[in-house]
Amino acid sequence: MNDKSLQSYFSEEDLKKSQLDFPFYAYLSVLQYYLDFGYFVESETIYKKGFSGKISWPRTIKRVKSQVVKDEEGRHQVVYLNLITRKTSYREDNLITLVHKFCVKESARLIGPLYGISENEVEEPELLFDYEPFAEVIQDKIAATFNDKHLELFHAMLKMVRYLGNKKNRGEDGSENEPLFGVNTFAPVWEAMVDKIFGKLPQGVTKDKFNPHLRWNDGCRDEKLDVSEEEIVLNDPKRSTLRPDTIMVMGEGVYILDSKYYKYGLTGFNSHLPGAESVCKQMAYAEYVEKMLGDPSTPLHFAQDDTLSIYNAFVMPYCADAEGASASSATFQMKRVGYIYGDWKNVEDENRPYHKIHCILLDMKSVMRNYANNPAAQSELAKLIPH
């Protein structure tokens, strides 16, 4: 399965709408560093003459005059009657440490529950927020640091400080306004979770190999003319590629799944089912896969392609608890509620079962609990679709 971040399921337009100022991942990084290593504390090495501490032989040899003495057997030995030793001193009063403590407190206050900790479990900072000195000391540390782990921490702290220093994020009394972090549409999240659960591809085959492409050929133009800007845009793969939501290849079947965050599982109304555009796209996906499976020159020509059948399904949410369904720890609650078809297709064609697009309802609560790849759920879904 092609492992993708949740963000990759959103269109650029959705991401722009969802972009909020709250630097969630910066808060996350600051708190994670604290849990792993404690507070960031600067250290310095102190050298002095004496016998307590770890001996620094290079400095001792350079700065202390050695003495030559005879041992009990009359042999000459070089000895040092004084030594230069070193010890590490940790400066917990440095401003960078105090700023880190402030950032940890803020992180624990806002996202501590994600880690099972409260803000009362971390040390109270000894200073109040002051944007200019906070930002200055962090930027100085970034410029002078080459440790990647420390750099990651400092950049996260700087994002937090800049966020807190932005006046629009603070109330009239200087207190921080409650931050917002989330999405404006849940449909891409539903698609992402379904893809995580059911996505299953043969080894060495990537999901993009299942994407049909559109091409524009203006046969009326003089071949010597330059290609127009409009034609370049239309043939741009980013604009002219159809992308199925989820591909599940298992047993003797290729299952093309389209995730629909529709109300049908709640209302049962036909008006809340996928429309003609979605049906036609599913047909196009299946016909493309059928064509590619039969062509030995394509990446979709699997070893067992002679026996593979292609199936179509819409996956929509429903509430199993509302229907009294018993919870299962092994898999997710799901059920088949019929199929959609186009009357221009022969739904009785046994060689093309994808002419029927089956409607599968998947329990939302069980999906939200754990949307990792689940072979048991994949097998159950395959059994729900008539073969």
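Computed from a predicted structure; not experimentally measured. (Residues numbered from 1 in each chain as written. Predicted model: local features only at pLDDT ≥ 70, side-chain atom pairs only at ≥ 80, totals over all residues. Heavy atoms only, no water.)

### Section: the sheet that holds strand E8 (residues 309–318)
Turning to step 1, where the next piece is worked out: The 5 strands lie next to each other as E6-E7-E8-E10-E9, forming an open sheet whose pairing is mixed. Looking at the sheet topology across the chains shown, the edges are occupied by strand E6 (246–250) and strand E9 (334–340). Across this sheet, the average inter-strand angle for adjacent strands is 30°, counted without regard to direction.
Turning to step 2, where the next piece is worked out: Pairing of E9 with strand E10 (residues 357–363), which is carried by 5 bridges, proceeds in the antiparallel orientation. Paired with Arg336 across the strands is Ile360, a residue of E10.
Turning to step 3, where the next piece is worked out: Across the sheet, helix H10 (residues 276–293) touches strand E7 (253–259), E8, E9 and E10, and the angle it forms with E8 is around 145°. (Pairing = 2+ DSSP bridges. Helix = DSSP H or I, 4+ residues; strand = E, 2+ residues; numbered from the N terminus. Axes fitted to C-alpha atoms, helices over the stretch in contact; angles between N-to-C directions. Contact = heavy atoms within 4.5 Å.)

### A closer look at the nonpolar core
Turning to step 1, where the next piece is worked out: With 36 residues, the main nonpolar core has Val30, Ile138, Phe154 and Met157 as its most contacted residues.
Turning to step 2, where the next piece is worked out: Per-element accounting of this core gives the leading share, 10 residues, to helix H6 (residues 148–165).
Turning to step 3, where the next piece is worked out: In this structure, Met157 is in contact with Val30, Ile96, Val99, His100, Cys103 and Ile138, ignoring residues within four places of it in sequence.
Turning to step 4, where the next piece is worked out: Ranked by size, the runner-up nonpolar core spans 27 residues in total, among them Met283, Tyr285, Met292 and Leu300. (Core = buried A, V, L, I, M, F, W, Y, C linked by side-chain atoms within 4.5 Å. Buried < 20%, exposed > 50% of the residue type's maximum accessible area, 1.4 Å probe, protein only.)

### Here we look at the confidence of the model for the protein
Turning to step 1, where the next piece is worked out: Mean pLDDT over the protein stands at 81; residues scoring 70 or higher make up 78%.
Turning to step 2, where the next piece is worked out: Counting contacts from residues 222–229, a segment whose pLDDT is below 50, to residues more than four positions away or on other chains yields 3 contacts. (pLDDT = per-residue confidence, 0-100.)

### Comments concerning the packing of helix H4 (residues 95–111) against helix H5 (residues 131–144)
Turning to step 1, where the next piece is worked out: Look at H4 against H5: their axes get within 10 Å of each other, and the N-to-C directions meet at 115°. The pairing of H4 with H5 is recorded here as roughly perpendicular in orientation. Crossing geometry of H4 relative to H5 is assigned as left-handed. Across the interface between the two elements, Leu95, Ile96, Val99 and Phe102 of H4 pack against Pro133, Phe134, Val137, Ile138 and Lys141 of H5.
Turning to step 2, where the next piece is worked out: For the contact of H4 with H5, the per-class residue count stands at 8 nonpolar, no polar and 1 charged. (Parallel < 35°, antiparallel > 145°, perpendicular 65-115°, else oblique. Left-handed = near helix turned anticlockwise from the far one by under 90°. Nonpolar A, V, L, I, M, F, W, Y, C, P; charged D, E, K, R; others polar.)

### Describing the pairing of E10
Turning to step 1, where the next piece is worked out: In terms of burial, E10 is a largely internal element, 7 of the 7 residues being buried.
Turning to step 2, where the next piece is worked out: Residues Ile357, Cys359, Leu361 and Asp363 of E10 are buried on one face, and the alternating residues His358, Ile360 and Leu362, pointing to the opposite face, are buried as well.
Turning to step 3, where the next piece is worked out: As paired elements, E8 and E10 share 7 bridges and run parallel to each other. In the sheet register, Met316 faces E10, and the bridge partner there is Leu361.

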